[in-house]
There are 2 protein chains.
Amino acid sequence: MKAYVYVSLKKSVLDPQGKTIYGALNKMGFKGLEAVRQGKFFEITLDRDLTKPEAQAEVERIAREVLTNPVIEEYRFSFED
Amino acid sequence: MKAYVYVSLKKSVLDPQGKTIYGALNKMGFKGLEAVRQGKFFEITLDRDLTKPEAQAEVERIAREVLTNPVIEEYRFSFED
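So, a few notes on the structure that sits alongside this text.

About the thresholds
- Residues numbered from 1 in each chain as written.
- Chains lettered and ligands numbered in written order.
- Predicted model: local features only at pLDDT ≥ 70, side-chain atom pairs only at ≥ 80, totals over all residues.
- Heavy atoms only, no water.
- Pairing = 2+ DSSP bridges.
- Helix = DSSP H or I, 4+ residues; strand = E, 2+ residues; numbered from the N terminus.
- Axes fitted to C-alpha atoms, helices over the stretch in contact; angles between N-to-C directions.
- Contact = heavy atoms within 4.5 Å.
- Buried area = accessible area lost by both parts, 1.4 Å probe.
- Salt bridge = Lys/Arg side-chain N within 4 Å of Asp/Glu carboxyl O.
- Polar contact = N/O pair within 3.5 Å; in protein donor to acceptor, adjacent residues only side chain to side chain.
- Nonpolar A, V, L, I, M, F, W, Y, C, P; charged D, E, K, R; others polar.
- Buried < 20%, exposed > 50% of the residue type's maximum accessible area, 1.4 Å probe, protein only.
- Least-squares fit on C-alpha atoms with pLDDT ≥ 70 in both.

## Describing the sheet that holds strand β2 (residues 33–46) of chain A
Adjacent strands of a sheet pair through backbone hydrogen bonds, lying either parallel or antiparallel.
Inference 1: Here we have six strands laid out as an open sheet, ordered β3(A)-β1(A)-β2(A)-β2(B)-β1(B)-β3(B), and antiparallel in their pairing. Edge positions in the open sheet fall to β3 (73–80) of chain A together with β3 (73–80) of chain B, since each of these has one partner strand only. Between one strand axis and the next, the sheet turns through 25° on average, direction left out of account.
Inference 2: Of the strand pairs in this sheet, strand β1 (residues 2–9) of chain A and β3(A) are connected by eight bridges, and their pairing is antiparallel.

## Some points on the interface of chain B and chain A
One frequently used descriptor of interface size is the decrease in accessible area upon assembly of the parts.
Inference 1: Residue-level contacts link 36 residues of chain B with 36 residues of chain A.
Inference 2: Interface of chain B and chain A: buried area, both sides summed, is about 3,000 Å²; carbon and sulfur atoms make up 61% of it.
Inference 3: When the area that chain B buries against chain A is broken down by residue, the three leading residues are Phe30(B), Phe41(B) and Glu43(B), summing to 20%.
Inference 4: One can count two salt bridges joining chain B with chain A.
Inference 5: Of the charged contacts, one joins Glu43(B) and Lys11(A) as a salt bridge, the two residues approaching to 4.0 Å between their closest N and O atoms.
Inference 6: Counting the contacts that link chain B with chain A gives twelve residue pairs in polar contact (both at pLDDT 80 or more).
Inference 7: Residue assignment for the side of chain B that touches chain A shows that the elements contributing at least two residues are β1 (2–9), α1 (16–27), β2 (33–46) and α2 (52–67) of chain B.
Inference 8: Sorting elements by how many residues they give to the side of chain B that touches chain A places β2(B) first, with 14 residues.
Inference 9: Per-class residue counts for the side of chain B that touches chain A are 18 nonpolar, five polar and 13 charged.
Inference 10: Alignment of β2(A) against β2(B), held across 13 bridges, turns out to be antiparallel.

## Brief notes about the pairing of β1(B)
Residues and elements named next belong to chain B.
Inference 1: With seven of its eight residues buried, β1 lies for the most part within the structure.
Inference 2: Where β1 lies against β2, seven bridges are found, and the strand directions are antiparallel. Within β2, the residue paired with Val5 across the bridge is Phe42.

## Section: the relation of the copies chain B and chain A
Inference 1: Of the transformation placing chain B onto chain A, the axial shift is 0.0 Å and the rotation is 180°, giving an RMSD of 0.0 Å. Those values place the two copies in the arrangement expected of a two-fold rotation axis. Taking C-alpha positions as the reference, the residue of chain B nearest the rotation axis is Lys40(B), at 2.0 Å.
Inference 2: Both copies present the same face, since 100% of the interface residues in chain B are matched by interface residues at the equivalent positions in chain A.

Next comes the structure, spelled out in structure tokens:
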């Protein structure tokens, strides 16, 4: 079982890296873009022995306590078999 | 309409950052993990005027030509209204 944790900057936080990419894409001639924001994700491969609720609790804790800076970031996660 | 482009290292490419996170999580006592790999994603907000096929072609080009280093990375993308 694999878990995917997606960490992104909160909407209220400026994303200069995304802005730079947005500017570059515009200069390169890509049309129809309004904004670009960048985030990161983590693919976590889990033991097969874990039950789904155990896995969910574990991944939630990892996302909240380790992978995310709660001051400026938020997370979501999903599972895939 | 929003597009999400997910860029990750090819399976055959070592991911030292992911390995470090994996090691740290193990030391912190998280059980049941087999591997961690890190990637990045881009949230691209698109003009409402674009049709779905146009948007798809545009995002595919951006992902392939700009956001991904084809030597070591691969991408996938999805849409959300």
